[in-house]
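Spelled out from the first residue to the last, the chains are:
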Amino acid sequence: MGRRQLLRGILIGLGLLAALMVWVVVWLLTRSPVALLLAHPELPPIVGFAPSSAQALLVLAVPLDEVQAFWQAATPAPQRRATRQQWRKFFSPEGPGWLGSMLAGGSLDFEREVRPWLGRSTLLASLPEWGTLVALETRDAAVSQFELNLLWERQSLAGRPVQVDTYKGIQVVSSPIPGLQGFSAAVFGEQYVLLAEQPAAIRAAIDAWQLPQLSLVAQPLFQQVIQPLREAHVGWAFWQNPEAVSSDGLTLQAVGLGLGVNFRGLVAESAALWHAPAGFSLPTAEAFRPQILQHLPDETLALVSGENLASVWQSLGQIQPLNPLGLRVDPGQWRQRLQSQVALDWQRLLPERGEFAFALLPGDGDPAWLWVGKMPDESVATAGRSPYFDLDERARAQGWQVISLATKRGTATAWAKPTIPAGGQSEPQPVATAGRSPHRSTHRPEIPVLAGERLEVSGKGGSLPLPAAEALPQSPSGIPLPAQVYHADRKGYSYLASSLAALEAALADPPLGADRAWRKLVAPLPHRNLGYGYGSLGLLLESELPDPVASAARSAKGSRWASTRFAFATTALAVSEAPYPDRGCQITQMGKLFWEWH
C-alpha cells in the first residue's frame, strides 16, 4: 500500500512538473520578451494610411511595450538602469525632433496620457509636401479621444486658436504648437489616431485609406522591395528616391528593410532597387565564402569586399548622388577621394576579377587605407606583354618610380612620383631610370617624406640598412620623393597601402577573420554571400554627413552609440527589364544587415 501511494505521488509530481514546463514554454513563446524573436507578423493594415507620395516610411507591427521589454532583457545588467533612462528621455519633451517638440509644446506626459491607449501597430511617414505623418493604433478610441480633448482645452487656455474641420465624416482638429510648423489630429473610426504637422497630411492619409490606389502599398516600387522580405520580426522600413532616374548612370530608386532583433542588436533583411541605363552589363555572380578576411588585420576600422573589381569600380563612378531625408550622400566621392590622394589609374592597375577588399586602418590623424586582392591564376596572369599580377610593372607604366624595401615580413616596394621644386618656373626633368617611363607630377605636401627612419633596401648583392631619405629616389631638387603607396605580394594575394605601418599590420597582425568580436558580429549574416560591408556608426557619420551633422558626430565620438558597429552582406543580385517604355534595366540587390548594440 505504501509503494502504491508513493508511486501515485511521484506520478502526480511529474504531471505537475510537466504542466509547469508547458506553462513556462507557452509564456516564453507568447508573453515574455523572447516572443519578439519568434514573431512573424504580416504587414499591418495601418500601412494603408501612407500616401503614395511618402518618401520614407517606418512601420512597427509590435507594441512599444514589447520592444522596451525586449530591449531591457537584451541589455547587460549593469546598463539596464541607463537604458530605462534613455527610453524615458526619448519619449519625453527632451526627445528627438518632431516627437520631443510635440510633447513639449503640447505639455503632454507620454507615460500617463499616451501610452495607456496605444495599440499594436505604429506608422511614421515623411511627406515632402506636408512634413511628418503619424498613425497610431489605439486600444480604446474613447480614451484617446478624451486625451486629445484635454490637449485642445490646454491649447485654448494658453490662448492658442483651435480650428475644427470635417473631412469625409472625420473631425480634424488643428492648433499651433511651439516648435512645430503646426499640429493636427483626428480619431479615425474606433481603431486609429492620426497625427500630423499639417491638416493636409491627415486628409491625404484618409484618401489613401479609402482609395487604396492612392496609397503607397499600391505603388510598384514599394511592392518590389517589400514583398521579397521574409524575415521581418518587428516591422518594416521603406525609402524611395524622389529624383528622376538618370539615363547614363546608376540610380537607387527604393530601399526596403524587414526589421528584426536579437539579443545583441538589430537584424534587417534588405532589398534595394537600382535603375541602370541601357547596355549596362552585370557579371554573373554566385554566392561564395569570402576568404579575403584572412588577409586583413584585426584592427580594421571599415571595409568593403567582393569580386569583379572592374565592374564594382565602374559602377561606383556611375552612382548618382542621393539625398535621403535631406542628407546628401555621393558614393562617387569615395572613388574620387582615393584618386585625389593617389594619382593612379586604379581601374588599369588592379586585377579585374578575383576577390578583393578595401579597408581603413588606424593611422596618424586620418585612417590609412589598405587594398587586398587575390592574384589571378597563372594561365591568366601570363597573358599579354607583362605578368598580369605584377603591380609594380603596372605602376611603372603609369610613370611611378618603384623601389624595393626589405621589411620584417619580406620584400616590399614603395611607389613614388617626383616633386616640382618650390618656386620653380621651369619644368623639372624626369628622373632617368633604366627600363622606366619618364614622368611628371605635382608636389603633394600632405604626404609625409619618409626621412629619419631606417629601411632595408634589397638588391642583387643582398641588402643593407640605409636611411629612408637615401632609400627613396631623389627628385631634381635633391629632396627625397614622398612614397604614396606601399606594395607587397604574399600567399597569392597582393597588398597596397597608404603607409608602411598599414602594410606591415596587414602582413603581421592576427587576421580579422579569426577575431572573436568579428565572428560574433557577422554570425547573423549568411556565410556564403557576394561581399561584406563593415564599419562603425561614428566613422560613417563623421566621414559622410554634411559639416554640421559631422561636427555633432565628432563631438559624440566617445559615446556608446558612436562606437556601435554594423556589418552588411550582399546575398543576391538579379537583373530585370525596366517597365515600358524605359529601355534600361532594374537591378534588385538583396542583403542582410546587422547593427550591434551590445
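To start, this report covers the structure provided alongside it. Only a predicted model underlies this, so the values are computations on that prediction, with no experimental measurement involved.

1. What about the overall build of the chain?
The number of helices and strands found in the chain is 19 helices and 22 strands. Split into buried and exposed, the 598 residues of the chain put 47% on the buried side. Restricting to contacts in the chain with at least 6 residues of sequence separation, those with at least 24 account for 63%. With an accessible surface of roughly 30,300 Å², the chain has 57% of that area assigned to carbon and sulfur atoms.

2. Overview of the pattern of salt bridges
On inspection of all chains with the given rule, the structure shows 11 salt bridges. The salt bridge partner of Arg120 is Glu66, with a shortest N-O separation of 3.7 Å. Here Glu66 lies in helix 3 (residues 64–74) and Arg120 lies in strand 2 (residues 118–127), a separation of 54 residues in the sequence. Glu66 gets classed as partly exposed once you look at its relative accessible area, which sits at 32%. One connected set of salt bridges, linked through shared partners, spans Asp65, Glu111 and Arg115.

3. Overview of the packing of helix 3 against helix 4 (residues 80–90)
Look at helix 3 against helix 4: their axes get within 9 Å of each other, and the N-to-C directions meet at 155 degrees. Considering their axes alone, helix 3 and helix 4 lie roughly antiparallel with respect to each other. Crossing handedness for the pair helix 3 and helix 4: right-handed. Two secondary-structure elements touch here, helix 3 through Leu64, Val67, Gln68, Trp71, Gln72 and Ala73 and helix 4 through Arg80, Thr83, Arg84, Gln86 and Trp87. Considered class by class, the residues forming the contact of helix 3 with helix 4 number 5 nonpolar, 4 polar and 2 charged.

4. A short note on unusual backbone geometry
The phi angle at Ser107 is positive, at roughly 55 degrees, despite the residue not being glycine. One can find Ser107 in the loop between helix 5 (97–105) and helix 6 (110–114). If you check the backbone angles, Asn308 has positive phi at about 55 degrees while not being a glycine. In this fold, Asn308 is placed in the loop between strand 11 (302–306) and helix 10 (309–318). Classification of Asn308 by relative accessible area gives buried; the value is 13%.

5. Brief notes about the side chain of Thr132
If you trace the backbone, Thr132 turns up in strand 3 (residues 131–138). Among residues more than four places away in sequence, those in contact with Thr132 are Trp98, Leu124, Ala125, Leu195, Ala196 and Glu197.

6. Thoughts on the environment of Gly260
For Gly260, the location among the structural elements is in strand 9 (residues 251–262). Judged by its relative accessible area of 1%, Gly260 is buried. The sequence separation of Gly260 and Gly235 amounts to 25 residues, and the corresponding C-alpha distance is 7.2 Å. Setting aside chain neighbours within four positions, we find Gly260 in contact with His233, Val234, Leu266 and Val267.

7. Considering the environment of Pro212
One can find Pro212 in the loop between helix 8 (199–210) and helix 9 (220–226). Between the C-alpha atoms of Pro212 and Pro51, which are 161 residues apart in sequence, the distance is 9.1 Å.

8. Describing the pairing of strand 19 (residues 493–497)
Summarising burial for strand 19: 5 of the 5 residues are buried, a large majority. Here 5 bridges tie strand 18 (residues 483–490) to strand 19, and the two strands are oriented antiparallel to one another. Within strand 19, the residue paired with Arg490 across the bridge is Tyr493. Hairpin connection of strand 18 to strand 19: 2 residues between the antiparallel strands, including Lys491 at a positive phi of 50 degrees.

Conventions and cut-offs
Residues numbered from 1 in each chain as written. Predicted model: local features only at pLDDT ≥ 70, side-chain atom pairs only at ≥ 80, totals over all residues. Heavy atoms only, no water. Helix = DSSP H or I, 4+ residues; strand = E, 2+ residues; numbered from the N terminus. Buried < 20%, exposed > 50% of the residue type's maximum accessible area, 1.4 Å probe, protein only. Contact = heavy atoms within 4.5 Å. Areas by Shrake-Rupley, 256 points an atom, 1.4 Å probe, with all protein chains shown as cover. Salt bridge = Lys/Arg side-chain N within 4 Å of Asp/Glu carboxyl O. Axes fitted to C-alpha atoms, helices over the stretch in contact; angles between N-to-C directions. Parallel < 35°, antiparallel > 145°, perpendicular 65-115°, else oblique. Left-handed = near helix turned anticlockwise from the far one by under 90°. Nonpolar A, V, L, I, M, F, W, Y, C, P; charged D, E, K, R; others polar. Pairing = 2+ DSSP bridges.

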